[in-house]
Amino acid sequence: MSTPSRFTVREAAESRRAIRQYLPTDVPEADLREIIRQVRLAPSPNNMQPWRFVVVRDPAMRARVLPLAQNQKQVASAPALIVLYADTDDVIATADEFIHPGFDQPKRARVKANFLKNFAAQPLEKRQSFAHGIGYIALGYLLLAAEAMGYQTSPMIGFDAEAMAELLHLPATATIPALVAIGRGDEPGLPHHRHSVERISRFV
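Residues numbered from 1 in each chain as written. Predicted model: local features only at pLDDT ≥ 70, side-chain atom pairs only at ≥ 80, totals over all residues. Heavy atoms only, no water.

A. Summary view of helix α2 (residues 29-39). Among the residues of α2, Asp-31, Leu-32, Glu-34, Ile-35, Gln-38 and Val-39 are the ones counted as buried. Projected onto a plane normal to the axis of α2, the buried residues spread over an arc of 160° and lie on a single side. (Buried < 20%, exposed > 50% of the residue type's maximum accessible area, 1.4 Å probe, protein only. Helix = DSSP H or I, 4+ residues; strand = E, 2+ residues; numbered from the N terminus. Arc of directions from axis to C-beta.)

Below, the structure is given as structure tokens:
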């Protein structure tokens, strides 16, 4: 049974810090599955859901990941590492899976045909870039879901994506937006230092 969420979205956002030192306390698989269950509800254009996850819990595998992630200490310290990647080839090959079951057969056929015409025909790099951006939406959900369940995280973009993909046997066309260390924090982290609402927004 997974740990229930403890915070509201607002509380999770206000309490979250980037934590790099973790307690040697395991993150149960049930909790990791519950976090991913929540993440899969993130918004996704056309409902394509290109995000995929590799959860690295084995210490030996995390030791192999460490030099590929610029030896960032949270990779070694955290009891789990979530590799977020996007796979557009899998999305295209399984397009029937993301079309809403409430659609009748003619509409399902139209939605699939339009998707394949407008997305599958794009160059690979354009598809990857688009899916990479959608992956960041999932990343935001992941950080808040983990925090709400009492876990701390550290998202990372400093890593060798090609070597990481090879190590984890990801598809050749996969793109990796981020790695996320997750566990029980062993440091408070720095207090938030953010721009004010007035500094970053305009209302017209």
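Read on for the rest.
B. The sheet that holds strand β4 (residues 175-183), seen in detail. Read from one edge to the other, the open sheet built from 4 strands follows the order β1-β2-β4-β3, with strand pairing classed as antiparallel. Two strands lie at the open edges of the sheet, namely β1 (51-56) and β3 (152-156), each paired on one side alone. Across the sheet, the axes of successive neighbouring strands diverge by a mean angle of 20°, strand direction being ignored. When β1 meets strand β2 (residues 80-86), the two strands line up antiparallel, connected through 6 bridges. By the bridge assignment for β2, Phe-53 is matched with Leu-84. (Pairing = 2+ DSSP bridges. Axes fitted to C-alpha atoms, helices over the stretch in contact; angles between N-to-C directions.)

C. The environment of Ala-165, seen in detail. Note that Ala-165 resides in helix α9 (residues 161-167). Here Ala-165 is in contact with Leu-170 and Ile-176, once residues within four sequence places are set aside. (Contact = heavy atoms within 4.5 Å.)

D. Spatial organisation of the layout of surface pockets. Of the volumes computed, that of the largest pocket is approximately 320 Å³. Taken together, 14 residues form the lining of the largest pocket, with Arg-16, Arg-17, Ala-18, His-192 and Arg-194 sitting closest to its centre. Element by element, the count of residues in the lining of the largest pocket is highest for helix α8 (residues 124-148), at 3 residues. In this model, the second largest pocket occupies a volume close to 160 Å³. Looking at the lining of the second largest pocket, the elements with two or more residues in it are α1 (9-15) and α8. Ranked by residue count, the leading element in the lining of the second largest pocket is α8, at 4 residues. (1 Å grid on protein atoms, 1.4 Å probe; cavity = no way out; pocket = protein on both sides within 12 Å on 5 of 7 lines; lining within 4 Å. Points joined across faces, edges and corners; volume = space filled by probe spheres on them.)

E. The pairing of β4, seen in detail. Extensive coverage of β4 is indicated by the burial of 9 of its 9 residues. Where β2 lies against β4, 6 bridges are found, and the strand directions are antiparallel. Considered in β4, the bridge of Leu-81 is made with Ala-181. Taken together, the 5 bridges between β3 and β4 define a ladder with antiparallel strand orientation. Residue Pro-155 lies in a different strand from β4, and its bridge partner there is Val-180.

F. Spotlight on the pattern of salt bridges. By the definition in use, this model includes 8 salt bridges. We note a salt bridge from Glu-34 to Arg-37, for which the minimum N-O separation is 2.9 Å. Highlighted residues: Glu-34 and Arg-37, both in helix α2, separated by 3 residues, approximately one helical turn. On the basis of relative accessibility, which here comes to 40%, the residue Arg-37 falls in the partly exposed class. Asp-90 is the partner of Arg-52 in a salt bridge, and the nearest nitrogen-oxygen pair spans 2.7 Å. Here Arg-52, found in strand β1, pairs with Asp-90, found in helix α5 (residues 88-93); they are 38 residues apart in sequence, far enough to count as distant. A residue is classified by how much of its surface remains accessible, and Asp-90, at 28% relative accessible area, is partly exposed. (Salt bridge = Lys/Arg side-chain N within 4 Å of Asp/Glu carboxyl O.)

G. Structural view of the nonpolar core. Ranked by internal contacts, the top residues of the largest apolar core, which has 28 residues, are Ile-35, Phe-115, Tyr-151 and Ile-182. Considering each element in turn, this core owes the most residues, 7 residues, to α8. Leaving out residues up to four positions away in the same chain, Ile-182 has contacts with Tyr-22, Val-27, Leu-32, Ile-35, Ala-78, Pro-79, Ala-80, Ile-82, Ala-146, Tyr-151, Gln-152 and Thr-153. (Core = buried A, V, L, I, M, F, W, Y, C linked by side-chain atoms within 4.5 Å.)

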